[in-house]
Amino acid sequence: MPLIGYARVSTEDQTPLPQSEALQSAGCAEIFEEHASGGNRARPVLARVLERIGKGDTLVVVRIDRLARSLSHLLEVIERLEGKGAFFRSLQDPIDTSSPQGKFTLQVLGAAAEFERALIRERTKAGLASARSKGRVGGNPGLRAKDPEALRKVRLARQDGYMERLNETAQDWVPHVRRLRPDMAWEDVLRIINGPLPPDRHWTQSRLLRAVKAYVADGFLPAEVLGRAGRRETDDRLPAIVAAIKGADPEITLQTICDRLESMRERTPRGRTSWQPSSVRMLLERAEKLGLL
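Residues numbered from 1 in each chain as written. Predicted model: local features only at pLDDT ≥ 70, side-chain atom pairs only at ≥ 80, totals over all residues. Heavy atoms only, no water.

Details of the overall build of the protein chain
Then, number 1: What the protein chain contains, in helices and strands, is 11 helices and 5 strands.
Then, number 2: Counting all 293 residues of the protein chain, 39% fall into the buried class.
Then, number 3: Here the contacts in the protein chain between residues at least 6 apart in sequence split such that 63% fall between residues at least 24 apart. (Helix = DSSP H or I, 4+ residues; strand = E, 2+ residues; numbered from the N terminus. Buried < 20%, exposed > 50% of the residue type's maximum accessible area, 1.4 Å probe, protein only. Contact = heavy atoms within 4.5 Å.)

Structural data, given as structure tokens:
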């Protein structure tokens with residue numbers, strides 16, 4: 001099974017060399033290095049690694065905190081790997097999802113996270129019941145009085161919560177939007193984003209547009225991505241889609257591109273539902289002539 005290493009340090013002053021050496025010693029054929037905060041889930045190198053990994057591969061890190069700073073993020077990444085038939089291993093922690101022991105450790109972590117959430121829910125319910133028994137009215141007094149300042153704070157809190165949820169999924173869609181818009185229509189960008197994702201994580205166009213507008217407003221994406229897509233000749237559409245898939249992962253195989261196009265329900269130039277590597281190769285050659293690669 002190919003081992004793919006990921007090394008991360010927080011600042012440019014730090015060096016990922018010790019991590020890379022440890023990963024190399026562990027047998028990693030490829031090692032990706034990134035300078036980014038562990039609290040930032042929208043890391044471009046990590047997004048590229050997760051896109052690159054295929055069935056049977058194993059993502060390897062030196063320590064868990066090099067990949068994720070929260071249990072929810074760790075479980076999210078591992079769930080994404082499992083969806084692709086890939087595995088996860090931490091050299092200094094007892095987690096290796098390709099082994100029964102590692103899977104058991106992961107189940108314990110997941111159960112601990114769910115237990116913590118249940119405790120929080122129970123404490124909240126108990127606190128509300130106690131307040132009601134003492135005649136206290138729940139809720140924000142400022143909201144009940146429709147105080148403008150209180151309403152403004154609630155709106156800001158909701159926006160912060162929304163942005164936090166977006167950050168958890170940014171690696172799924174931000175790299176594609178940054179790379180493909182406004183050259184490609186939203187419908188095609190959406191299909192490329194949803195292609196590798198499990199059905200329960202698929203985006204709708206309205207939800208994606210709302211997320212992109214929020215990121216543009218906060219300066220995480222350039223305003224140009226919201227521009228109108230130019231007209232594209234019908235014959236150029238398939239080469240553009242294939243070029244976009246190839247651009248996201250230069251090492252992707254022709255067969256994997258076939259699988260991706262079939263998951264997107266994209267028909268071949270002859271209108272068939274089943275793709276062959278020869279058809280993809282032809283479209284890639286056309287894309288190169290059009291300057292799309």
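Some words on the nonpolar core
Then, number 1: Judged by nonpolar contacts, the single largest core of 39 residues is most densely connected at Leu166, Trp173, Val177, Trp203, Leu208, Val212 and Leu221.
Then, number 2: If you list the elements that add at least two residues to this core, you get helix H6 (148-180), helix H7 (186-194), helix H8 (205-217), helix H9 (234-248), helix H10 (254-263) and helix H11 (277-289).
Then, number 3: At 8 residues, the largest contribution of residues to this core is made by H6.
Then, number 4: Two domains share this core, each providing at least three of its residues, namely domain 2 (148-226) and domain 3 (236-290).
Then, number 5: Those residues in contact with Trp173 that sit more than four places away from it in its chain are Leu166, Ile193, Trp203, Leu208, Ala211, Val212, Tyr215 and Leu221.
Then, number 6: Listed in part, the 20 residues of the second largest apolar core include Ile53, Ala68, Leu74 and Val77. (Core = buried A, V, L, I, M, F, W, Y, C linked by side-chain atoms within 4.5 Å. Domains from an automatic or database assignment.)

Considerations on the packing of aromatic side chains
Then, number 1: A complete count under the given rule lists 3 aromatic pairs for this structure.
Then, number 2: In this structure an aromatic cluster arises from ring pairing among Trp173, Trp203, Tyr215 and Phe220.
Then, number 3: In this structure, Arg207 is placed above the aromatic ring of Trp203, and the distance from its NZ or CZ to the ring centre is 3.9 Å. (Phe/Tyr/Trp six-rings, centres within 6.5 Å; stacked < 30°, edge-to-face > 60°. Lys NZ or Arg CZ within 6 Å of the ring centre and 35° of its normal.)

Here's the deal with the packing of H10 against H11
Then, number 1: Here H10 crosses H11 at 95°, and the two axes come no closer than 9 Å. Relative to H11, the element H10 lies roughly perpendicular. Within the contact between the two elements, H10 uses Leu254, Gln255, Ile257, Cys258 and Leu261 and H11 uses Pro277, Val280, Arg281 and Leu284. (Axes fitted to C-alpha atoms, helices over the stretch in contact; angles between N-to-C directions. Parallel < 35°, antiparallel > 145°, perpendicular 65-115°, else oblique.)

A word on the sheet that holds strand S3 (residues 58-61)
The pairing of strands in a sheet happens through backbone hydrogen bonds and is either parallel or antiparallel.
Then, number 1: Spatially, 5 strands are ordered S2-S1-S3-S4-S5 in an open sheet, and the strand pairing comes out mixed. Each end of this open sheet is capped by a strand with a single partner; those strands are strand S2 (30-35) and strand S5 (95-96).
Then, number 2: Here 4 bridges tie S3 to strand S4 (residues 87-90), and the two strands are oriented parallel to one another. Note on S4: the bridge partner recorded for Val61 is Ser90.
Then, number 3: Its contacts with the sheet put helix H2 (residues 44-52) on strand S1 (3-9), S2 and S3, and the angle it makes with S2 is roughly 155°. (Pairing = 2+ DSSP bridges.)

Describing the UniProt feature "active site" (unreviewed entry) in the protein chain
Then, number 1: The sites that UniProt annotates as "active site" (unreviewed entry) are Ser10.
Then, number 2: Judged by its relative accessible area of 32%, Ser10 is partly exposed.
Then, number 3: With near-sequence residues (within four places) excluded, Ser10 lies in contact with His35, Ala36, Ser37 and Arg69.
Then, number 4: There is a polar contact of 3.4 Å between the side chain of Ser10 and the side chain of Arg8. (UniProt positions renumbered as here; feature names shortened; annotations may be inferred. Polar contact = N/O pair within 3.5 Å; in protein donor to acceptor, adjacent residues only side chain to side chain.)

Concerning helix H1 (residues 17-25)
Then, number 1: Among the residues of H1, those classed as buried are Gln19, Ser20 and Leu23. Relative to the axis of H1, the buried residues are bounded by an arc of 100° and lie together on one face. Of the residues in H1, the exposed ones pointing more than 90 degrees away from the buried face are Pro18, Gln24 and Ser25.
Then, number 2: Just downstream of H1 lies Gly27, where phi reads positive at about 100°. (Arc of directions from axis to C-beta.)

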